[in-house]
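Survey of secondary and tertiary structure
Letter by letter, the chains look like this.
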Amino acid sequence: MPNPFAVRRNLRRLADEDLVELVYSGEARAFDVIYDRHSGPAFSLAFRICGSRARAEDVVQDAFLSIWRSGARYDRARGSVRSWVLGVVHNRAIDALRREAARGAGRTVEEKFADAVPSGEYTDTEVERRDDAERVRRALEALPGEQRKVIELAYFGGFTHQEITEMLSLPTGTVKGRMRLGLAKLRIELGDEANVVLP
Amino acid sequence: MSDECVGDAAAYVLGALEPHEAAAFELHLERCAVCREELDSLGGVVRALPMATRQYPAPKRLRRRVRRAVRHGSPALERSGPKGRLTAAFGGSLAALAAAAVAVVAIVGGSGLSGTVLPARVSGIAGSAQLKLVHGHGELVVKHLTAPGKDRVYEVWLQRGDAAPVPASVLFSVSTSGDADVGLPGDLSGVSSVLVTSEPLGGTSKPTRAPVIVARLT
């Protein structure tokens, strides 16, 4: 019988893409490794969108279990496993937000004001992830405020361009134009990192 | 870009088109190479956006929940569900807390580590509010609160000692029944009061009105 610790150690050496194949074949320990690698960014994104730790936990749980159970396949041609996982989390978080809005609950637009992670807990991976995050955050913050706002309202707030148009009392064309300009500037600012920032 | 192009690639990739608009744009993509190229180009940027959020570790209890569901194949997901516990802690007396400054700390779950609920004072409007603290993080729960009004929004502020309140960068409105469950990001260490004011839509950098909700942490 294989040593479970050795199996786990070997799994941790595998690339995400290989782990995903094992996940689809029902290997729970491969799923654990995928979860451990990506649950931090997943939770951070869900928390940013939902504005509540409890709701963020539910969203992340739903997203990872859908990855475990669903027949939807990861497509290497469409980016890294991390961007795929975060895409699933994003969709679920926005769906949750819109369901709540449909039920009449409040919509929250927020940003973080403090870091909750004690620095002593950072691993090398955490530090690298935080460096990536800092780079993208700086690029976003460098955008003109009106462009950043429409991008944040759409991506993190789940608002449609029509809702943003009403919210900001702007013509639809202006809102779409700011989205386009803002993303184009981010593309230039991040350069190739826009495609590789999520290893 | 073809004659039909309306510059929707950015809105599409951000998920900001209405469903019928998204469907129309997807049809358009089939015959417009320029828009396809723009979409590819902007897609990479949007895939990077999640990393623009502040990074937190996922809670350990979440890992346990997910592992348990995977191992046991539970179709019914566990929920974090703090609301039930809050309601149980206060029984049917939420309304009685509405406008009163009740300096009572209720410990939820019998342990100070599992959660602390601070009733908050609501002034000048109807409704009640509580601040729930778990491991230094806060969640403001309001019930039956008067809506902020047309073109206005509630804004949350954090006050440390006698310093001027600073924006928590959290704006919220309430449901038709006046309820909202508002997460306060980050650690509340050092914060003495959480305040809520009614502000113009979009929020402000300084409070322009007296607070309608005050929750004291110290």
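Residues numbered from 1 in each chain as written. Chains lettered and ligands numbered in written order. Predicted model: local features only at pLDDT ≥ 70, side-chain atom pairs only at ≥ 80, totals over all residues. Heavy atoms only, no water.

**Some remarks on the pairing of strand E2 (residues 116-122) of chain B**
Residues and elements named next belong to chain B. Most of E2 is tucked away, with six of its seven residues classed as buried. From the end of E2 to the start of strand E3 (residues 128-134), which pair antiparallel, there are five residues, and Gly124 there has a positive phi angle of about 80°. By the bridge criterion, two bridges tie E2 to strand E9 (residues 213-216) in an arrangement that is antiparallel. Note on E9: the bridge partner recorded for Arg121 is Val214. (Buried < 20%, exposed > 50% of the residue type's maximum accessible area, 1.4 Å probe, protein only. Helix = DSSP H or I, 4+ residues; strand = E, 2+ residues; numbered from the N terminus. Pairing = 2+ DSSP bridges.)

**Side note on the layout of surface pockets**
Estimates place the volume of the largest pocket at around 1,200 Å³. What lines the largest pocket is a set of 37 residues, among which Arg78, Gly87 and Asn91 of chain A together with Tyr12 and Val13 of chain B lie closest to the centre. Secondary-structure elements contributing two or more residues to the lining of the largest pocket are helix H5 (81-102) and helix H7 (145-155) of chain A together with helix H1 (9-13), helix H2 (19-29) and helix H3 (33-48) of chain B. Residue classes in the lining of the largest pocket are distributed as 18 nonpolar, 10 polar and nine charged. (1 Å grid on protein atoms, 1.4 Å probe; cavity = no way out; pocket = protein on both sides within 12 Å on 5 of 7 lines; lining within 4 Å. Points joined across faces, edges and corners; volume = space filled by probe spheres on them. Nonpolar A, V, L, I, M, F, W, Y, C, P; charged D, E, K, R; others polar.)

**Quick look at the packing of H2 of chain B against H3 of chain B**
Residues and elements named next belong to chain B. One can describe the packing of H2 onto H3 by two numbers: an axis separation of 8 Å at closest approach and a directional angle of 115°. In terms of orientation, H2 and H3 fall into the roughly perpendicular class. Every residue of H3 that contacts H2 at Phe25, His28 and Leu29 is listed here: Cys35, Arg36 and Leu39. Looking at the contact of H2 with H3 residue by residue, the class counts come to four nonpolar, one polar and one charged. (Axes fitted to C-alpha atoms, helices over the stretch in contact; angles between N-to-C directions. Parallel < 35°, antiparallel > 145°, perpendicular 65-115°, else oblique. Contact = heavy atoms within 4.5 Å.)

**As for the confidence of the model for chain B**
All names here are of chain B. Summing up the model confidence of chain B, the mean pLDDT is 74 and the portion of residues at 70 or higher is 75%. Note on residues 74-79: pLDDT is under 50 here. Beyond four places in sequence and across chains, it has 14 contacts. Low pLDDT, under 50, characterises residues 81-114; the predicted model gives this stretch 50 contacts beyond four residues in sequence or across chains. Among the prediction metrics, the complex's ipTM stands at 0.77, with pTM recorded as 0.58. (pLDDT = per-residue confidence, 0-100.)

**Overview of unusual backbone geometry**
Residues and elements named next belong to chain A. You will see that Ser169, though not glycine, has its phi angle at about 55°, which is positive. Counting through the fold element by element, Ser169 comes out in the loop between helix H8 (161-168) and helix H9 (172-190). Classification of Ser169 as exposed rests on a relative accessible area of 64%.

**What about the nonpolar core?**
Counting 83 residues, the largest nonpolar core has Phe64, Trp84, Met179 and Leu183 of chain A together with Leu14 of chain B as the members making the most contacts within it. Take this core: its biggest share by element is 13 residues, from helix H3 (residues 28-50) of chain A. Membership of the second largest hydrophobic core comes to 26 residues, among which are Leu118, Ala120, Val174 and Leu188 of chain B. (Core = buried A, V, L, I, M, F, W, Y, C linked by side-chain atoms within 4.5 Å.)

**Here's the deal with the packing of aromatic side chains**
All names here are of chain A. Summed over all chains, the structure comprises eight aromatic pairs over all chains. The interplanar angle of 10° and the centroid separation of 6.0 Å between the aromatic rings of Phe43 and Phe47 together place this pair among those described as stacked. In this pair, Phe43 and Phe47 are both assigned in helix H3, four residues apart and thus about one turn of the helix distant. In this pair, the class of Phe43 matches that of Phe47, namely buried. Three or more aromatic residues joined by ring pairs form one cluster here, namely Phe31, Tyr35, Phe64 and Trp68. (Phe/Tyr/Trp six-rings, centres within 6.5 Å; stacked < 30°, edge-to-face > 60°.)

**What about the environment of Ala129 of chain B?**
Residues and elements named next belong to chain B. Counting through the fold element by element, Ala129 comes out in strand E3. Considering only alpha carbons, one finds Ala129 and Leu145, 16 residues apart in sequence, at a separation of 8.1 Å. In contact with Ala129, not counting residues within four places along its chain, are Pro119, Ala120, Val122, Val141, Val142 and Ile213.

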